[in-house]
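Read off the chains here:
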Amino acid sequence: MNMTTPQTVEIGVKVNEIELIDGLFLVGAPGIGKTEIVRQKAAQMAKERGLKFVDLREATDEEILEVMKHAEEYCVFYRIAAPHLIPEDLGIPNKNINGLKYAEVIPQKVLAVLSAPNLGCGVLFIDEITNVQREDVMTLLFTLILEKEASWYLKLNKNVMVIAAGNPPEWSTVANPLPLPMRMGRLIPVRVAPPTVEDWVKYMDETYGNAWERTIGAYLMMYPGDFIAPPSDDDGFTATPSPRSWTKLALLLPKLERTASREFIEQTIIGLVGPKAGVKVSALIFAKADVEGLVNAVLANPSTFAKFNETQKILVINAAAQDPFKFKGLAKFLAENLRDYFVMMLVLMPKERRLELLKDEDYKKLMQTTAKELKKYAI
């Protein structure tokens, strides 16, 4: 088993450990959660300042109008996909205002919010900036990032942070490097690494509760090297795994298992995480029907667990994590003989369940014997 230490994939700060700094430029693989963490940090900033948080992409017209009326009460977030932007998107010309012989530009409503002079705070997140191919768009974006201005009329509120993100060349065939002047104290390039599998499991628990396929978490604990992989030479249609693709898969599977054919489920799995991991995950999902027999075997004799293959072990550990008091005998066997699997069982539990275990004297002793290993996973 390879779950001896938390997974590390790339050099850089873990994406969930970044802090929001004006002019920050996050450089990392696609699908590792850059947008999600920046949004979470913006919401946290709003809470700390006693402001209402609004994601302008998710807000209705009525909600945006309310923000504009009472901007001082709000902290807002907005994500722009840089390759989709053209200069004309920033505003609409409105000629002959009040009969006078000049024109004004009416900004898009989102930019009007971000430009409101009394806005509490905000974060404008410019994503995929390295994938922009038009020079005029890059010029516009750099001006927006560095000066918080665009054209002759648009100036963002000084309380709005502008943060950018992009992919390094090894992760994108169309990635462009930053111009040298931008790397001389103007932008703050920070390499970000994917979250660990343990971070991802915690995120899934906190965000989706029980509405995801937990067997995926157990699989990734067993095979952390499958969590994320750089693109390889292939036909151009083969999926490559990332935290984003594992999240989609974990959320899709409960529905697919109720309605879809075995063949469609298998192809969907491979289509999300690629053939290398997909074949193993498919075997695991289709073996779930046998879990009752495996459970009965370890309940009767916990040492039977040692004879299981890896797929069977994943299924049993996942079941034990959901009902630890039922599997106390197995937990004791694992803590004494196969400690890594006991740690896996604990990591897969929601934090609240682990806290419940500490009230049980037997589990408390078992967890104390593995305190060193648990510390590695911040448990």
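The structure contained in this document is the topic of the report that follows. (Residues numbered from 1 in each chain as written. Predicted model: local features only at pLDDT ≥ 70, side-chain atom pairs only at ≥ 80, totals over all residues. Heavy atoms only, no water.)

Focus on the pattern of salt bridges
Okay, step 1: Counted under the stated rule, the structure contains 15 salt bridges.
Okay, step 2: A salt bridge links Lys-14 to Asp-199; its shortest N-O distance comes to 3.0 Å. Of the two residues, Lys-14 sits in strand E1 (residues 13-14) while Asp-199 sits in helix H5 (residues 197-208), which places them 185 residues apart along the sequence.
Okay, step 3: Residue Asp-199 is classed as buried on the basis of its relative accessible area, which comes to 16%.
Okay, step 4: Arg-214 is the partner of Asp-205 in a salt bridge, and the nearest nitrogen-oxygen pair spans 2.4 Å.
Okay, step 5: In this structure Asp-205 comes out as buried when scored by relative accessible area, which is 14%. (Salt bridge = Lys/Arg side-chain N within 4 Å of Asp/Glu carboxyl O. Helix = DSSP H or I, 4+ residues; strand = E, 2+ residues; numbered from the N terminus. Buried < 20%, exposed > 50% of the residue type's maximum accessible area, 1.4 Å probe, protein only.)

Thoughts on the pairing of strand E4 (residues 74-81)
Okay, step 1: Most of E4 is tucked away: 7 of the 8 residues are buried.
Okay, step 2: The sheet contact formed by strand E3 (residues 52-55) and E4 spans 4 bridges and is parallel. Residue pairing across strands places Val-54 opposite Val-76, the latter belonging to E4.
Okay, step 3: In terms of strand pairing, E4 meets strand E7 (residues 121-127) through 7 bridges, oriented parallel. From the neighbouring strand, Val-76 faces E7, where its bridge partner is Gly-122. (Pairing = 2+ DSSP bridges.)

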